[in-house]
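Commentary on secondary and tertiary structure
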Amino acid sequence: MTVNLTLLVVMGVMYSVGVYLLLERSMTRVLLGIMLLTNATNLLILHAGGAPGFAPLYNKDLDGSEYSDPLPQALILTAIVISLATTAFILSMIYRSWTLARRDEIQDDLEDRRVAQQSAYDAEDDDAMPQDSSEFTDSDTPPVRPRHNEEEATESPGHHRAQHLAAPSSPDYVEHAEGHRHEGHGPEDTGEEGRS
Amino acid sequence: MNYDFAQLAPLAVVIPFLGAAMNMLIVHRNRLQRFVTIGAMSVTLALNVMIMITVWNQGPQAIHLGDWAAPFGIVMVVDQLSALMLVVSVVVSLAVLIYAAGEGVADGDDEGPISIFYPTFLILVAGVSNAFLAGDLFNLYVGFEILLTASYVLLTMGGTVQRIRAGVTYVVVSVISSVLFLISIGMIYGATGTVNMADLSMKLADLPQGTQMQLHLMLLIAFGVKAAIFPLSFWLPDSYPTASAPVTAVFAGLLTKVGVYSIIRTETLLFPGTQINDLLMWVALLTMLVGILGALAQIDIKRMLSFTLISHIGYMIFGIAVGTEAALAAVVYYIAHHIVIQTSLFLVAGLIERRGGSTNVDRLAGMLKISPLLGILYMIPALNLGGIPPFSGFLGKVGLLEAGVARGTGLDYLLVGVSVFVSLLTLLALIRVWIRVFLRSVDDAEYPDPVLRSTTVDGKRPRTSGPASRDQSSTFAGRGAVVLMPSFMVGATTALVIVGVALTVFAGPLFDLADNASQNLINPDRYIDAVFAPVGQGGVSEEAQ
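Fair warning: this is a prediction, and the values are worked out from it, not measured in the lab.

**Remarks on the overall build of chain B**
For chain B, the helix and strand inventory stands at 22 helices and 2 strands. Here the C-alpha radius of gyration of chain B, 23 Å, is about what a compact globule of 545 residues would show, namely 24 Å. For chain B, buried positions account for 67% of its 545 residues. Here the analysis covers contacts within chain B between residues at least 6 apart in sequence; of these, 79% occur between residues at least 24 apart. Entry remark: accessible area of chain B is about 16,800 Å², with carbon and sulfur atoms responsible for 68%.

Right, here's the structure in full:
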């Protein structure tokens, strides 16, 4: 069995560049990475069909072994259609993200942000230490609850407060609550909140 | 001689697609859309039940599309496992659909802009059915892509900041797992020259050990991402809870189970009896432990449920790794149980959010007084998931543990111990939510939602939220008076909880079916015979032999 070296090298380069782009933070680059990966995979399937150069169409003079395998080409066609749809969808998400937040970056997930917000001091774990809170609390402000703080309680999935890190923490509870809107499954939500 | 309903199995994919197409034509008429969608799903359900009865009586059946003989044409195969999965998935989707329709009616979506929820939902169901019916790897891939593309749309529906953020992660992870799957298909085709699973089951064994191992691992990684097995599961708890309640419910119930279903096929049909089972055991152990520890750390009900979902995937992987007939029967039963229970819990979480204004346990309290019905609806599936006798969760787990002990290696005993421990932790996580959300008084809550105070106790509670609560309630701020507990939403949830109880009541026949399914999984000869039966005759029926 002969192998088309050029195509193999092209495939390898596409895979490596695709993986590299996938590890970037910018969504557009991730999209480009995904496009390269899917197309490299299409090349791989083409290779699976055997060596190139055989007859693609029916010819009554040819022996059965001299046709190229049509199945991988059919598989590739399907895969191309699917990757086209996915690419279009990701593009629309990038555009949406841009209109909402003016950013083309993959953002930290909820758990990451929660961990990042926690101070190194944990009231439950480190309570045995004598605690001197006078440095941190004024006499007229109430002590802050250690774990289940207001910010955390407001940021719950299903409520879009993704931008809350930027917002100053407000002790007024109702003000927070009023920022929420019901999220139905209809497309009526525009999430204007994030446009700040 | 009754009619051979199994030959109609492709309709389980075609009917939802037709329904979706009709929905697109009447895109501006929401009420009509609702009827069409629920009608299409009901017809599919009836058809699937008939298919299951046929397959139960006659064994695995293959449908040769376009009468092309087996390794060349596209084959759809229904055996007991796929038939059971088809029925359970459509039952659950129908309940979720009625729930979503009830929510839409209650929130006045009829006046809203064009709705793409119903057609997308139908396409999701078609994709799931296609994956369960697929007789070749590439058709399985297409089924996955159909359901994934529909799930992208459903997850990001509304396009809020939260959902777009979660959607990007979800889409990228899903696409990468699909690319891995496609690469494995390409390599398998290169190595064997076929993608038909029955054909592969005979040809893969002839490959060199190393090649087999590589193809096997690649398939497992691709399916592992979709099934949310431990090192590949981090996308799930971040993306699922951000979607709306019915969407999360159907995702949690169905999508991961399609991954588990594919793993079962890989392990039993494609690569039976390979040495990879010890690895699967360890992965199952870690999935259980890491999932449930994550669940314990959550203060949001939906996120907590997402983590328990991951944890319980571990049980299924445990059963698959044990791989005996008893273990696979328990896995089949456990999957059916888990689809129903997990979905009903997410639906209840949606109702709690609606009634109490939040799913955050710091904001909720005293729900038992406000709505005792909701308490019952939460408690039954919660006990069920935690594995309290006599519920189906207990039966499924006992089946798994018995199978583990019966094989009896040291690793098996370790897994048995860990599953009991994880089961207790599941109960702890669920009961903690129960105590904080339902039992404690509103005054004990850290940040009680205003809607909890503004409604009077049971018996006098208003059916709709009054002006006072409307102004302050976090979920419904800025909207008109809303029905807090629409009867269709409660009805659909109740129906699904009852189905969950029915899994316990009818455990006997169901376990028979599961046993039957697992015999065919362990010994795939009948599956292969059905696929290679002479075209035009369909499967190898009992009468023919």
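Following the structure, the description resumes.
**Considerations on the overall build of chain A**
The number of helices and strands found in chain A is 6 helices and 0 strands. Its helices and strands taken in sequence order, chain A reads α-α-α-α-α-α from the N to the C terminus. Taking all 196 residues of chain A together, the buried fraction comes to 37%. Within chain A, contacts between residues at least 6 apart in sequence are counted, and of these 57% link residues at least 24 apart. Approximately 12,000 Å² of chain A is accessible, and the part contributed by carbon and sulfur atoms is 60%.

**Some remarks on the packing of aromatic side chains**
This model, assessed by the stated rule, comprises 21 aromatic pairs over all chains. Relative to F121 of chain B, the ring of F117 of chain B has its centre 5.6 Å away and its plane inclined at 35°; by these criteria the two rings are tilted. Highlighted residues: F117 of chain B and F121 of chain B, both in helix α4 (residues 117-133), separated by 4 residues, approximately one helical turn. Given the relative accessible area of 1%, F117 of chain B is considered buried. Classification of F121 of chain B as buried rests on a relative accessible area of 1%. Three or more aromatic residues joined by ring pairs make a cluster, and in this case those are F89 of chain A together with Y152, Y170, W235, Y240 and F251 of chain B. A cation over a ring is seen here: K226 of chain B above F144 of chain B, with NZ or CZ 4.7 Å from the ring centre. The residue whose ring lies beneath K397 of chain B is Y315 of chain B, and the NZ or CZ to ring-centre distance is 5.1 Å.

**Regarding the pattern of salt bridges**
Residue and element names in this part refer to chain B. Per the stated rule, a full pass over the model turns up 8 salt bridges over all chains. One salt bridge in this structure joins R165 and D238, with 3.3 Å as the shortest N-O distance. With R165 in helix α6 (residues 161-192) and D238 in helix α9 (residues 236-239), this pair connects stretches of sequence that are 73 residues apart. Taken as a pair, R165 and D238 share a single burial class, namely buried.

**Remarks on the packing of helix α13 (residues 325-356) of chain B against helix α21 (residues 507-522) of chain B**
All names here are of chain B. Two numbers describe how α13 lies on α21: the axes approach to 8 Å, and their chain directions differ by 125°. Judged by the inter-axis angle, α13 sits oblique to α21. As α13 runs across α21, the sense of the crossing is right-handed. Residue-level contacts link E325, L328, A329, A330, V332 and Y333 of α13 to A507, L510, F511, A514, D515, S518, Q519, L521 and I522 of α21. Among the residues forming the contact of α13 with α21, the class breakdown is 11 nonpolar, 2 polar and 2 charged.

**Things to note about unusual backbone geometry**
Looking along the chain, the bond that leaves P389 of chain B and enters P390 of chain B is cis, with omega of 5°. In this structure, P390 of chain B sits in the loop between α15 (372-386) and α16 (392-407).

**Examining the nonpolar core**
All names here are of chain B. Ranked by internal contacts, the top residues of the largest apolar core, which has 226 residues, are V78, F181 and Y378. When residues of this core are assigned to their parent elements, the largest contribution, 20 residues, is made by α13. In this structure, F181 is in contact with L137, L140, Y141, F144, L219, A222 and F223, ignoring residues within four places of it in sequence.

**A word on the environment of L91 of chain A**
Note on placement: L91 of chain A falls in helix α3 (residues 70-101). In this structure the C-alpha to C-alpha distance between L91 of chain A and L31 of chain A, which are 60 residues apart in sequence, comes to 7.6 Å.

**Brief notes about the confidence of the model for chain B**
Residues and elements named next belong to chain B. On average, residues of chain B carry a pLDDT of 84, and 91% of them reach 70 or more. Here helix α19 (residues 467-472) stands out as the element of chain B with the lowest mean pLDDT, 40, in contrast to helix α5 (residues 137-155), whose mean of 93 is the highest. When the criterion is pLDDT under 50, residues 456-480 qualifies, and its contacts beyond four places in sequence or with other chains add up to 56 contacts. Confidence drops under pLDDT 50 across residues 537-545; counting only partners more than four residues distant or on other chains, this segment forms 20 contacts. Our summary of model confidence lists the complex with pTM equal to 0.83 and ipTM equal to 0.84.

**Some points on the packing of helix α12 (residues 301-322) of chain B against α16 of chain B**
All names here are of chain B. Contact geometry for α12 and α16: axes closest at 10 Å, N-to-C directions at 35°. The hand of the α12/α16 crossing is left-handed. Of the residues in α16, those in contact with H312, Y315, F318, G319, A321 and V322 of α12 are K397, L400, A403, G404 and R407. Here the residues of the contact of α12 with α16 sort into 6 nonpolar, 3 polar and 2 charged.

Cut-off values and rules
- Residues numbered from 1 in each chain as written.
- Chains lettered and ligands numbered in written order.
- Predicted model: local features only at pLDDT ≥ 70, side-chain atom pairs only at ≥ 80, totals over all residues.
- Heavy atoms only, no water.
- Helix = DSSP H or I, 4+ residues; strand = E, 2+ residues; numbered from the N terminus.
- Rg over C-alpha atoms; globule rule 2.2 N^0.38 Å.
- Buried < 20%, exposed > 50% of the residue type's maximum accessible area, 1.4 Å probe, protein only.
- Contact = heavy atoms within 4.5 Å.
- Areas by Shrake-Rupley, 256 points an atom, 1.4 Å probe, with all protein chains shown as cover.
- Phe/Tyr/Trp six-rings, centres within 6.5 Å; stacked < 30°, edge-to-face > 60°.
- Lys NZ or Arg CZ within 6 Å of the ring centre and 35° of its normal.
- Salt bridge = Lys/Arg side-chain N within 4 Å of Asp/Glu carboxyl O.
- Axes fitted to C-alpha atoms, helices over the stretch in contact; angles between N-to-C directions.
- Parallel < 35°, antiparallel > 145°, perpendicular 65-115°, else oblique.
- Left-handed = near helix turned anticlockwise from the far one by under 90°.
- Nonpolar A, V, L, I, M, F, W, Y, C, P; charged D, E, K, R; others polar.
- Core = buried A, V, L, I, M, F, W, Y, C linked by side-chain atoms within 4.5 Å.
- pLDDT = per-residue confidence, 0-100.

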